[in-house]
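# Results of the structural survey
Residues per chain, in single letters:
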Amino acid sequence: MKLIGTGSALPRKVVTNDDLSRFLDTSDDWIYPRTGIKTRHIISDERLEDLAAEAVRKALENAGVSPGDIDLLICSNVVNEYLTPGLGCIISAATGITCPSMDINCACPGFIYAMDIAENYFLAGRVRNVLIVCAEEPTRMASWEDRSTCVLFGDGAGAAVFTRGDNYKGTILRAQPDPSKIWQYRPLGATPFDTRVVSGVPLQMHGREVFRFAVTAAVQDINAMLQRNGMGMEDVDYFMIHQANLRIVEGIRERINAPAYKFPSNIRDHGNSSSASCPILLDECNRAGLFKSGDRLMFSAFGAGLQSAVALLEW
Ligand code: COA
């Protein structure tokens, strides 16, 4: 398959570290050096599905295709207002897309998981164009009294359109199943047959262990992808790393010994927007004209599960 268009949309409200310190025992002096985050966009008066629809419209326009050209929509999302239908259906209705859609919940690596699914549809000859949209509002998952998690996140949506071609060079997905490191419960009521009531628990995260997992998994994934393609580090033009924490990105960069200019980053202004982070970064770089034809982009993402993924794409 081949990437032909990107789009993204962010909430209007920008929240600084100083804004957070007005109601939380935290500071820019603590947050910025540990995370690289200065500001994040947070949903206030928008709805996630509206941001997602905006990202989709921009991606379709950028790709030069219309809603009727899309044969499959894959939506990556962890939390939104609807339990059913899937967010992909809501986005389809808002944008005039009528093809089948499916939602996946693969947390932060969701964009790469979605590309893997899409590629398999192309390989099976079942589609001409696939739209991927990643829409996330992790700021509604964390407790706003838990300073160790809520300061990390921002909301947003990113989308990408793929058509037939051979610019996508494949994916490696990996899992080290351990739901105890990042998890959240939604509330569930009792039934006449099961009297257990599940109380909601906001997002819980073991920051240090997740940090270690992220760096180790990404380095292994990137090396595995290079080896599979007979490539060296110098053959990759840009590493598109999930924007979870600038120190994680730096840790990966140092271990693979690659120069800083190959690591585009927007975490300073966005925080961690889960699976939306990679396609938002991709769209911002695309619209800034960063990539030239033939550039090789390596995507790497990691998160809850624990799961990680890497993908190679030629521009
Ligand atoms: N402001 C001020 N102090 C804070 C704080 C905040 N926002 N968050 C935590 N602290 C405090 C802690 O209470 C602790 O205080 P104590 O020593 O008095 O107990 C101290 O800072 C150190 O906490 P710790 O959690 O050990 O800090 P850390 O150096 O591991 O940094 C993270 C915390 C979350 C920034 C870091 O672990 C991290 O980035 N992990 C990865 C998270 C991530 O990216 N997850 C998503 C992956 S997809």
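Let me sum up the structure you'll find in this document. Computed from a prediction, not measured in an experiment: that's the story for all the values here.

## Comments concerning the packing of aromatic side chains
Pairs of aromatic rings are described using the distance from one ring centre to the other and the angle between the two planes. With the rule as written, the count across this model stands at six aromatic pairs. Here the aromatic rings of Phe23 and Trp144 are separated by 6.3 Å at their centres, their planes lie at 50°, and the arrangement is tilted. Of the two residues, Phe23 is situated in the loop between helix 1 (17–21) and helix 2 (28–35) and Trp144 in the loop between strand 6 (129–136) and helix 6 (147–150); the sequence distance between them amounts to 121 residues. With a relative accessible area of 28%, Trp144 lands in the partly exposed category. Pairing Phe111 with Phe299 gives two aromatic rings, centres 5.8 Å apart and planes at 70°, and the pair type is edge-to-face. One end of the pair, Phe111, is in helix 5 (residues 110–123); the other, Phe299, is in strand 12 (residues 296–303), with 188 residues separating them in the sequence. Assessed through its relative accessible area of 1%, Phe111 is described here as buried. Here Phe299 falls in the buried class, since its relative accessible area comes to 0%.

## Here's the deal with the site of the ligand
Near the ligand lie 20 residues; those nearest to it are Thr26, Arg147, Gly207, Arg208 and Asn245. The contact in question runs from an oxygen atom of the ligand to an N or O atom on the side chain of Trp30, over 3.3 Å. In the environment of the ligand, a nitrogen atom lies 2.9 Å from a nitrogen or oxygen atom belonging to the backbone of Gly207. The protein chains hide 73% of the 960 Å² of surface that the ligand would expose on its own. If one sorts the elements of the shell around the ligand by residue count, helix 7 (residues 207–228) sits on top with four residues. A per-class count over the shell around the ligand returns nine nonpolar, eight polar and three charged. Two domains share the shell around the ligand, each providing at least three of its residues, namely domain 1 (2–165) and domain 2 (171–314).

Rules behind the numbers
- Residues numbered from 1 in each chain as written.
- Predicted model: local features only at pLDDT ≥ 70, side-chain atom pairs only at ≥ 80, totals over all residues.
- Heavy atoms only, no water.
- Phe/Tyr/Trp six-rings, centres within 6.5 Å; stacked < 30°, edge-to-face > 60°.
- Helix = DSSP H or I, 4+ residues; strand = E, 2+ residues; numbered from the N terminus.
- Buried < 20%, exposed > 50% of the residue type's maximum accessible area, 1.4 Å probe, protein only.
- Near = heavy atom within 4 Å.
- Polar contact = N/O pair within 3.5 Å; in protein donor to acceptor, adjacent residues only side chain to side chain.
- Areas by Shrake-Rupley, 256 points an atom, 1.4 Å probe, with all protein chains shown as cover.
- Nonpolar A, V, L, I, M, F, W, Y, C, P; charged D, E, K, R; others polar.
- Domains from an automatic or database assignment.

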